[in-house]
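Overview (structure and organization)
Listed below, chain by chain, are the residues.
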Amino acid sequence: MQLNIAESWKHILQSEFEKDYFLNLTEFVKEEYQNNTCYPVTENIFSAFDFCGFNDLKVVIIGQDPYHGEGQANGLCFSVQDEVKHPPSLVNIFKELETDLNIPYSVSGDLSRWAKQGILLLNATLTVRAHEAGSHQKKGWEQFTDAIISKISSEKKDVVFLLWGGYAKKKGAKIDKKNHHVLESGHPSPLSANRGYWFGNKHFSKTNNILKEKGLSLIHW
């Protein structure tokens, strides 16, 4: 696994790269990609950081695992490559956007357009074995992404964190809520959304309202 992470993040995360857990994680990921089909492709493992520089960061959305189906994952949480059928969670995200901001349902499931506007689309685990959900959990990725959240919390101010579902809320324990804005709801997966925990959260308009109050440019969702 090459550390082709964006320059703006390197000095922020350099100390993590040198820790034993990350060195062990690197070896694990290398072996997994050599011996199995894994996602996303290696050059997209750190895409979330390539599209959203540390200095430009305004919003963080936390996911869990990359999608594990063929051609889906592109290194951004909830995002898929163009031409790929939208997974159910992404469908519900776009449906909420329709009702919240009257934005027509998107043909493209590639959320890099969001990332380029200062949204870090961060999965808790950055890699996965094909068709095996959770297969790269508890190997070190969670410690790494906890460190990222902690760094953002301590070194930036007024970031909007969108925590969707119980897993993301647990990751949010690293956030200083006095200095940042935390919006929570159920997960956009059908299991949660169909029980009334997702639809109507209006997180997209609420995020823009916060950014407007702080004099920051709004997100074109």
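Presented here is a report on the structure given in the accompanying data block. (Residues numbered from 1 in each chain as written. Predicted model: local features only at pLDDT ≥ 70, side-chain atom pairs only at ≥ 80, totals over all residues. Heavy atoms only, no water.)

Points about the pairing of strand S3 (residues 119-123)
Our working definition: For every residue, the accessible area (1.4 Å probe, protein chains only) is compared with the maximum for its type, and the residue is labelled buried under 20%, exposed over 50%, or partly exposed between those bounds. Each helix corresponds to a stretch of at least 4 residues labelled H or I by DSSP, and each strand to a stretch of at least 2 residues labelled E; elements are numbered beginning at the N terminus. Strands qualify as paired when DSSP identifies two bridges or more between them.
Where burial is concerned, most of S3 is hidden: five out of the five residues are buried. Judged by which residues are buried, S3 turns out to be covered on both faces: Ile 119, Leu 121 and Asn 123 on one side and Leu 120 and Leu 122 on the other are all buried. Pairing between strand S2 (residues 59-63) and S3: five bridges, direction parallel. Across the sheet, Val 60 pairs through a bridge with Leu 120, a residue of S3.

Topic: the sheet that holds S3
Quick reminder of the rule: For helices, the fitted line uses only the C-alpha atoms of the stretch in contact; every axis is such a line through C-alpha atoms, and the angle between N-to-C directions lies from 0 to 180 degrees.
With parallel pairing, the four strands of this open sheet are ordered in space as S3-S2-S5-S6. Two strands close off the open sheet at either side, each with one partner strand: S3 and strand S6 (181-185). Each strand of the sheet is rotated relative to its neighbour by a mean of 20°, with strand direction disregarded. Pairing between S2 and strand S5 (residues 160-164): four bridges, direction parallel.

Re unusual backbone geometry
With omega at -5°, the peptide bond leading from Tyr 39 into Pro 40 counts as cis. Take Pro 40: it is sitting in the loop between strand S1 (38-39) and helix H3 (47-51). If you check the backbone angles, Glu 83 has positive phi at about 75° while not being a glycine. For Glu 83, a relative accessible area of 82% gives the class exposed.

Let's talk about empty space enclosed by the protein
Note the threshold: Space inside and on the surface of the protein is sampled on a 1 Å grid over the protein atoms alone, with a cavity defined as a set of points where a 1.4 Å probe fits but cannot get out and a pocket as an open set with protein on both sides within 12 Å along at least 5 of 7 lines; lining residues have an atom within 4 Å of a point. Grid points are joined across faces, edges and corners, and a volume is the space filled by probe spheres set on the points. When residues are grouped by polarity, Ala, Val, Leu, Ile, Met, Phe, Trp, Tyr, Cys and Pro land in nonpolar, Asp, Glu, Lys and Arg in charged, and all others, Gly among them, in polar.
Enumeration according to the criterion identifies one cavity of 30 Å³ or more in this entry. Roughly 30 Å³ of volume is contained in the largest cavity. Together, Pro 40, Ile 45, Pro 66, Gly 75, Asn 123, Thr 125 and Leu 126 line the largest cavity. Among the residues making up the lining of the largest cavity, the classes are represented as four nonpolar, three polar and no charged.

Quick word on the layout of surface pockets
Considered as a void within the structure, the largest pocket measures approximately 400 Å³ in volume. Around the largest pocket sit 25 residues that line it, and Gln 64, Asp 65, Pro 66, Tyr 67 and His 187 are the ones nearest its centre. Of all the secondary structure elements, the ones that give two or more residues to the lining of the largest pocket are S2 and helix H7 (166-171). Ranked by the residues each element gives to the lining of the largest pocket, the list is headed by H7, at three residues. Per-class residue counts for the lining of the largest pocket are 11 nonpolar, 13 polar and one charged.

Notes on the packing of aromatic side chains
Keep this limit in mind: Note on ring pairs: Phe, Tyr and Trp rings are taken, using the six-membered ring of Trp, and paired if centres are within 6.5 Å. Classes follow the plane angle, with under 30 degrees stacked, over 60 edge-to-face and the rest tilted.
Following the criterion strictly, the structure yields 18 aromatic pairs and no others. Seen in terms of ring centroids, Trp 9 and Phe 54 are 5.1 Å apart; in terms of plane orientation they differ by 80°. Their pairing is edge-to-face. Here Trp 9, found in helix H1 (residues 7-17), pairs with Phe 54, found in the loop between H3 and S2; they are 45 residues apart in sequence, far enough to count as distant. Phe 54 matches Trp 9 in its accessibility class, with the two residues each being buried. Taking 6.4 Å as the distance between ring centres and 80° as the angle between the ring planes, the aromatic pair formed by Phe 46 and Phe 144 counts as edge-to-face. Taken together, the residues span a long stretch of sequence, with Phe 46 in the loop between S1 and H3 and Phe 144 in helix H6 (residues 141-155) at a distance of 98 residues.

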